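# Analysis of the macromolecular model
As a plain string of letters, each chain reads:
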Amino acid sequence: MPIIFLFITIILASPSVCLGEYSVARNWNEVALAAIRKDFARPVVHARNLFHLSTAMYDAWAAYDSVSVSYLLGRVPSCSFQKFDFEGEIKSSREEAISYAAYRLLSHRFSKSPNAMQTLYAFDSLLSSLGYDKNFVSIDYRDGSPAALGNYIGNCLIEYGYGDGANELGDYKNLNYTTVNARIRPDISGNRGLIDPNRWQPIQLDVFIDQSGNILPGGSSDFIGAEWGNVAPFSLEKEFGARRSRGEANYMVYHDPGPPPYLDSLNIHISEEYKWNFSTVIKWSSHLDPTDNIFWDISPAGMGNAEVSLTEKDSLRMFYRSENGGHNSFGHKKNPFTGEPYESQLVPRGDYVRVLSEFWADGPNSETPPGHWFVILNYVSDRSELLKQWGGRGRVLEALEWDIKAYFVLGGALHDAAIAAWSIKGWYDYIRPLSAIRGLAGSGQSSNPDLPNYSLHGIPLIPGSIELISATDSLAGDDGEHEGKVKVRSWRGPDYVVEPSRIPAGVGWIRAEDWWPYQRASFVTPPFAGYVSGHSTFSRAAAEVLTMITGNPYFPGGIGEFKAEKEKFLSFESGPSIDVVLQWATYKDAADQCGLSRIWGGIHPPIDDIEGRRLGEQIGVKAFSHAEQFINGSLPSLLVPNALDPVIDAIIFPNPSLRIRQVEWRVRPEFASNGAVLEVYNLLGQLLHTGLANNLGGGTLEYIPESAGIYIVRVRGRGWERTRKWTLLR
């Protein structure tokens, strides 16, 4: 009997924390996912947050393990480590260290969230419910204190994050990227702001609500993560990266797939590929009609098990079914766990593709695509059919060890997927379907110079899908002002959704200059370039990881499911008209379905999807093998000793600090006894405070500046000094 997992219940409910049922790592993962759903929808930022959380918990766990070695602890300057004697109980000490590490890191990362009060309260509540005191802020772990070790690891990740290339102190903003195209207003016909038809175009809305439900000031968003390729990766290797520059912006591009097809008057073949890709998006948009009397078997027997060459771009037209939608796949003859054929499930194609588009869109109230795959991992881990043997071999792991290792690998893979995919997005800066389709149509038709409105840069005419408006056409206008323009048969757009019943917009002929993707009118299209698809990259990388950690390409029991209830699931418009159960035999089937959903949703053309799949496959395999070196202890355990460093970890802790919390500074006793002095400066270099150590290990910082901001703190003694940035929050 397959288990149906309800993502929507998880998404809309409060954090799924169950102290008796789940491991402490699972509890912290759940509150992190809940925090992401309430934060700004920034996939790259949250891939990094989830990876750093997973790393903090893994390093806290590995500190008490005789085989596994840490990832950051003792390996980077911001996280130097001194061995200590430990005589306590390992299980409880691990849980305590993990909790403090997670708490410190998460409290810092979400301190500026639009729902910070609610989110920070959730972190406080979980720490308290586990029996720990949030006011314990010591980082001196030398006496074996698990809480101090956790605090120290949390602070390590915070310090590390300031210098990893993400520009966290600058709120993750791009440093030098600029867009070449003016903003498009989807509610106004056409695309007058398009200057370069091959480059990304920002959008302007009256009200822009991101995929987590947050209203963005000004109704627009800059390109999120245009320079994310410069962020420190997990397993990506320099030999697969290349330094590029455009203007004043520098880009590290990993696993460069080469340019996407461009609209190029000098190369007709490339232009035809460009037009085919975006024409396919139009054709697939016409499938969003639940009344077209087309039914598909969406069970694993009818879908999944796709095979495509991952080296030949020319196979795209053969692989993707331009007319009917989807791609070529063989399906699965039998469930390998039961030995029985999969039961067929016939549903209207229009219901299936609408559910698909919304389910994988991750919004609103979204944990973003990286978080979505952590939800899937947790679902897999909860399945009774899963035997928690690492890689499908050896001893059965306890819940904590399984979660720690699985989160570490998946977190690393998704972080690398974000870096690699966005390195390509930032460099190629490729256009989205909304801009491209309206731009092509605005130029006219490119099929026949003897017909009206001909242009080499126009869109190809396809009978029944893309045609010209005739004089007798209802779309021609009262005075025939639209005669000769291009029309498309497509989802008609949010203006046709009748409120409050949300009657579906349906599919019909519309002017191409008014084409919309199947998205909310307050969102329309993501605020970053299209090529390559982030969803496809994240999903394929995650599918590879789940396959390798479980030792099986199939979901436990041979099937994974999600039920979209009749007339309840869809949010853009009413539907589905019947219950639709999304089903996947393998993790790769789920990943492939995610990639296809973005074409039906009008967010990506096929080229974005296929290159994302290729990229994700490489990343997932590499991330797993890289993580295995730490898990199996095949790397040296300590690469950055600190025997001569007078500062154990950081001069100020916590950092960033809240004004209401006690702030400490720590120096090795042998150096403090020689007269350590602490000084606080503002960014103008003005000395604001001088203090002395009030105990052999440092002391409490009695001085707190009146204004929140960034300060410089220096501790100096006889023959040595250390300097750090100190961020004081409100």
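The structure displayed is predicted, hence computed values, not measured ones. (Residues numbered from 1 in each chain as written. Predicted model: local features only at pLDDT ≥ 70, side-chain atom pairs only at ≥ 80, totals over all residues. Heavy atoms only, no water.)

### What to know about the sheet that holds strand β8 (residues 486-491)
- Across the sheet, 3 strands lie side by side as β7-β8-β9; this open sheet has antiparallel pairing. At either end of the open sheet lies a strand with only one pairing partner, and these are β7 (466-468) and β9 (507-511). For this sheet, the mean inter-axis angle between neighbouring strands, taken without regard to orientation, is 35°.
- Looking at chain direction, β7 and β8 are connected through 3 bridges and run antiparallel. Looking across to β8, one finds that isoleucine 466 is bridged to valine 488. (Pairing = 2+ DSSP bridges. Helix = DSSP H or I, 4+ residues; strand = E, 2+ residues; numbered from the N terminus. Axes fitted to C-alpha atoms, helices over the stretch in contact; angles between N-to-C directions.)

### With respect to the packing of aromatic side chains
- Inspection of every chain in the model, using the stated rule, returns 47 aromatic pairs.
- Geometrically, the ring pair formed by phenylalanine 319 and tyrosine 320 is edge-to-face, given 5.1 Å between the ring centres and 75° between the ring planes. Tyrosine 320 carries the same exposure label as phenylalanine 319, and that label is buried.
- Each residue in the set Phe359, Trp360, Trp373, Tyr379, Phe555, Phe562, Phe569, Trp584 and Tyr587 is aromatic and connected to the rest through ring pairs, giving one cluster.
- Positioned over the ring face of tyrosine 22 is arginine 26, at 3.9 Å from the centre of the ring.
- Lying over the aromatic face of tryptophan 509, lysine 487 brings its terminal NZ or CZ to 4.5 Å of the ring centre. (Phe/Tyr/Trp six-rings, centres within 6.5 Å; stacked < 30°, edge-to-face > 60°. Buried < 20%, exposed > 50% of the residue type's maximum accessible area, 1.4 Å probe, protein only. Lys NZ or Arg CZ within 6 Å of the ring centre and 35° of its normal.)

### Focus on the environment of proline 553
- Along the chain, proline 553 falls in the loop between α13 (534-550) and β10 (560-564).
- The spatial distance from the C-alpha of proline 553 to the C-alpha of aspartate 589 is 9.5 Å, given a sequence separation of 36 residues.
- Once residues lying within four places of it in the same chain are set aside, the contact partners of proline 553 are Thr547, Ala585, Thr586 and Tyr587. (Contact = heavy atoms within 4.5 Å.)

### Let's talk about the pattern of salt bridges
- Under the criterion given, the structure shown has 38 salt bridges.
- The residue lysine 91 makes a salt bridge to glutamate 95 at a minimum N-O spacing of 2.9 Å. Separated by 4 residues within a single helix, lysine 91 and glutamate 95 lie in helix α4 (residues 90-109), roughly one turn from each other.
- Across the pair aspartate 609 and arginine 613 runs a salt bridge, and its minimum N-O distance is 2.9 Å. One end of the pair, aspartate 609, and the other, arginine 613, are both in helix α15 (residues 606-631), 4 residues apart, so they sit about a helical turn from each other. Arginine 613 matches aspartate 609 in its accessibility class, with the two residues each being buried.
- Via salt bridges that share partners, Asp39, Arg42, Asp171 and Lys173 belong to a single interconnected network. (Salt bridge = Lys/Arg side-chain N within 4 Å of Asp/Glu carboxyl O.)

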